[in-house]
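Letter by letter, the chains look like this.
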Amino acid sequence: MPTPTPDPTSARLDSWMWAVRLFKTRSQSASACRSGHVRVNGAAAKASVQVKPGDEVRVRIAGRERIVVVVRPVAKRVGPPVAAECLQDNSPPPPSPEVIASIPRRDRGAGRPTKRERRDMEKFLGQ
């Protein structure tokens, strides 16, 4: 039985995200798909979905949403200059360090907020 030749007009989603360096490893890419952090054209996507030029891929990485459009599907990992040509990045700019610093955070392991702390947080957030 002859082996199927790869389709040059499309590529697996997990391979493409790894090849254009959205993720360091292909297994991280597949894991993000399994966790529901990846959408293709607005629909949740499995790792095996074939992406074509023009598809919009939304990926949630480290609390930040990346919005990229497939320009050229590639299945093998390529160098950074070539990877930049394979996608169009429409992501919003990351928040400034001042905005990140102004977000109140509780210490890890501090437990649930008390009623007073909760009221102070709601007052601060304007709720």
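Residues numbered from 1 in each chain as written. Predicted model: local features only at pLDDT ≥ 70, side-chain atom pairs only at ≥ 80, totals over all residues. Heavy atoms only, no water.

**Description of the overall build of the protein**
We apply this condition: A helix here means a DSSP run of H or I that spans at least four residues, while a strand means a run of E at least two residues long, and both kinds are numbered starting from the N terminus. The contact definition used throughout considers only heavy atoms, calling two residues in contact when any of these lie within 4.5 Å. Note that accessible areas follow from Shrake-Rupley with a 1.4 Å probe, and for residues the cover is restricted to the protein chains shown. The charged-residue count follows a simple rule in which Lys and Arg add positive charge and Asp and Glu add negative charge, with His and chain termini not counted at all. To locate a charge, take atom NZ for lysine, CZ for arginine, CG for aspartate or CD for glutamate.
A count of helices and strands for the protein gives five helices and seven strands. Oriented by its inertia axes, the alpha-carbon framework of the protein measures out at about 70 × 30 × 25 Å. Within the protein, residue pairs in contact and separated by at least 24 positions form 45% of the contacts whose partners lie at least 6 positions apart. By element, 55% of the accessible surface of the protein is carried by carbon and sulfur atoms, the whole surface being about 9,200 Å². Of the charged side chains in the protein, 24 are positive and 12 negative, and the gap between their average positions amounts to 6 Å.

**Focus: the sheet that holds strand 5 (residues 56-61)**
Going by this rule: Paired strands are those between which DSSP finds at least two bridges.
Taking strand neighbours across the sheet as the criterion, the five strands line up as 3-2-5-6-7 in an open arrangement whose pairing is antiparallel. At either end of the open sheet lies a strand with only one pairing partner, and these are strand 3 (43-44) and strand 7 (87-89). Examined bridge by bridge, strand 2 (residues 38-40) and strand 3 share two bridges and lie antiparallel to one another. Bridging from a neighbouring strand, arginine 39 pairs with alanine 44 of strand 3.

**Details of the UniProt feature "domain: RNA-binding S4" (unreviewed entry) in the protein**
In plain terms, the rule: UniProt positions are given in the numbering used here, feature names are shortened, and annotations may be inferred rather than shown by experiment.
When the UniProt feature table is mapped onto this chain, "domain: RNA-binding S4" (unreviewed entry) is found at residues 11-73. Strand forms 35% of residues 11-73 and helix 25%; the C-alpha atoms that close the span are 6 Å apart.

**Here we look at the pairing of strand 5**
As paired strands, strand 2 and strand 5 are joined by three bridges and run antiparallel to one another. Along strand 5, the bridge assignment pairs valine 40 with valine 57. In terms of strand pairing, strand 5 meets strand 6 (residues 64-70) through six bridges, oriented antiparallel. Looking at strand 6, one finds that valine 59 is bridged to arginine 66.

**Here's the deal with the nonpolar core**
Which entries qualify depends on this criterion: Each nonpolar core is a collection of buried residues, namely Ala, Val, Leu, Ile, Met, Phe, Trp, Tyr and Cys, held together in the definition by side-chain atoms within 4.5 Å. We call a residue buried when its accessible area falls under 20% of the maximum for its residue type, exposed when it is over 50%, and partly exposed in between, using a 1.4 Å probe and counting protein chains only.
Residues Leu13, Trp16, Met17, Val20, Leu22, Val38 and Val57 are the most contacted members of the largest nonpolar core, which totals 25 residues. Taken together, the elements giving at least two residues each to this core come down to helix 1 (13-19), helix 2 (26-34), strand 2, strand 5 and strand 6. Sorting elements by how many residues they give to this core places helix 1 first, with four residues. Tryptophan 16 has contacts with Ala11, Leu22, Val51, Val57, Val68, Val70, Arg72, Pro73, Val74, Cys86 and Leu87, leaving out every residue within four places of it along the chain.

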